[in-house]
Amino acid sequence: ADYIHEALKPISWLAGRWYTANGRGSYPSVREFGYHEELEFICLGQPMFNFLSISHHPEKGTAMHQERGFLRILPEKEKVALVVSHNIGLTTIEEGHYDCNLKEIKLASVSIARTSFSKPPHVTNLLREFILLSPDTLQVTVFMKTDQKPLSQHLKAVYKKVE
Ligand code: HEM
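Note that the coordinates shown come from a computational prediction; the quantities given were computed from them, not determined experimentally. (Residues numbered from 1 in each chain as written. Predicted model: local features only at pLDDT ≥ 70, side-chain atom pairs only at ≥ 80, totals over all residues. Heavy atoms only, no water.)

Draft legend 1. Quick peek at the overall build of the protein. Helix and strand counts for the protein stand at zero helices and 11 strands. Along the protein, helices and strands appear, N-terminal first, in the series β-β-β-β-β-β-β-β-β-β-β. Relative to the compact-globule value of 15 Å for 163 residues, the protein shows a C-alpha radius of gyration of 15 Å, a close match. Seen through its C-alpha atoms, the protein measures out along the principal axes to roughly 40 × 35 × 25 Å. Within the structure as shown, the protein displays about 9000 Å² of accessible surface, and the carbon and sulfur contribution to it stands at 54%. Distance between charge centres in the protein, computed from 19 positive and 18 negative side chains, equals 6 Å. (Helix = DSSP H or I, 4+ residues; strand = E, 2+ residues; numbered from the N terminus. Rg over C-alpha atoms; globule rule 2.2 N^0.38 Å. Areas by Shrake-Rupley, 256 points an atom, 1.4 Å probe, with all protein chains shown as cover. Lys, Arg positive; Asp, Glu negative; His and termini not counted. Charge placed at Lys NZ, Arg CZ, Asp CG, Glu CD.)

Have a look at this one:
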């Protein structure tokens with residue numbers, strides 16, 4: 001279970017399970033909210049991470065936003081791609097670069113699709129950033145643009161590694 005594919009070495013710092021120390025959501029049209037979230041980056045021996053994200057209501061503990069996908073890597077170009085399906089009827093393909101020294105990954109959506117009956121507004125752009133603040137502390141920020149609002153921060157969370 002601890003085996004990590006050679007290709008993932010530059011981003012091996014992401015491997016494992018993470019749980020929020022603090023998660024804050026915002027958006028111009030949304031009242032600020034807190035949330036809890038578990039993240040998983042698991043290598044099954046293939047040159048990619050299986051990605052999972054499940055957020056929970058901070059008081060009720062009920063499931064909120066969920067994501068499942070794969071984080072793929074192209075080490076020759078220091079590129080990564082996150083292919084994600086969201087429980088809100090959305091799929092996003094996000095691509096970007098990693099920085100081995102800063103231990104960060106910056107992604108921007110290159111493709112977004114949705115079911116015919118997903119709830120408006122429609123997400124038209126998504127930016128996501130992973131930064132390792134210390135070996136057991138990860139920060140994730142997400143900015144999004146919809147067909148109704150300009151690019152604005154939606155999520156910022158700090159996670160601790162789950163042993
Ligand atoms: C609202 C997308 C992740 C909680 C929204 C809206 C969109 C959206 C399009 C509607 C904004 C508006 O009405 O103008 C996304 C995307 C996500 C994401 C693309 C992932 C990349 C999350 C996460 C949480 C969350 C992790 C944590 C619980 C909420 C809440 C609202 C909201 C509470 C306001 C109420 C609602 O419209 O349901 N999100 N979201 N979102 N999001 Fe997210």
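There's more to say after this.
Draft legend 2. Here's a closer look at the coordination of the iron atom of the ligand. Coordination of the iron atom of the ligand by the protein comes from a single atom, His154 (NE2), at 2.2 Å. Mapped onto the elements of the fold, His154 is located in strand 11 (residues 152-162). (Donors = N, O, S within 2.8 Å, 3.2 Å for Na, K, Ca; no water.)

Draft legend 3. How the structure looks around unusual backbone geometry. Pro120 connects to Pro121 through a cis peptide bond whose omega is 0 degrees. In this fold, Pro121 is placed in the loop between strand 8 (104-114) and strand 9 (123-134). We note that Glu78 has phi near 55 degrees; this positive angle belongs to a residue other than glycine. Relative accessible area serves as the criterion here: at 40%, Glu78 is assigned to the partly exposed category. Even without being glycine, Lys103 reaches a positive phi, approximately 55 degrees. With respect to the element layout, Lys103 can be found in the loop between strand 7 (90-99) and strand 8. (Buried < 20%, exposed > 50% of the residue type's maximum accessible area, 1.4 Å probe, protein only.)

Draft legend 4. A look at the site of the ligand. Within the structure, the ligand sits among 21 residues, and Ser29, Phe33, Glu37, Glu67 and His154 are positioned closest to it. Between the ligand and Ser29, the relevant distance is 2.4 Å, taken from an oxygen atom to a side-chain nitrogen or oxygen of the residue. His154 is positioned such that a nitrogen or oxygen atom in its side chain is 3.0 Å from a nitrogen atom of the ligand. Those elements giving two or more residues to the shell around the ligand turn out to be strand 2 (30-34), strand 5 (63-74), strand 9 and strand 11. Residue classes in the shell around the ligand are distributed as 12 nonpolar, five polar and four charged. (Near = heavy atom within 4 Å. Polar contact = N/O pair within 3.5 Å; in protein donor to acceptor, adjacent residues only side chain to side chain. Nonpolar A, V, L, I, M, F, W, Y, C, P; charged D, E, K, R; others polar.)

Draft legend 5. Here's a closer look at the state of the cysteines. Inspection of the entire model under this criterion finds zero disulfides. Note on Cys43: no disulfide assigned, nearest cysteine sulfur contributed by Cys100 at a separation of 17 Å. Accessibility expressed as a relative area gives 34% for Cys100, which makes it partly exposed. (Disulfide = S-S within 2.5 Å.)

Draft legend 6. Seen up close, the environment of Ile131. Its place among the elements puts Ile131 in strand 9. Given the relative accessible area of 17%, Ile131 is considered buried. Residues Ile131 and Tyr98, spaced 33 residues apart in sequence, show a C-alpha to C-alpha distance of 9.8 Å. Aside from chain neighbours lying at most four places away, what touches Ile131 is Lys103, Glu104, Thr137, Leu138 and Gln139. (Contact = heavy atoms within 4.5 Å.)

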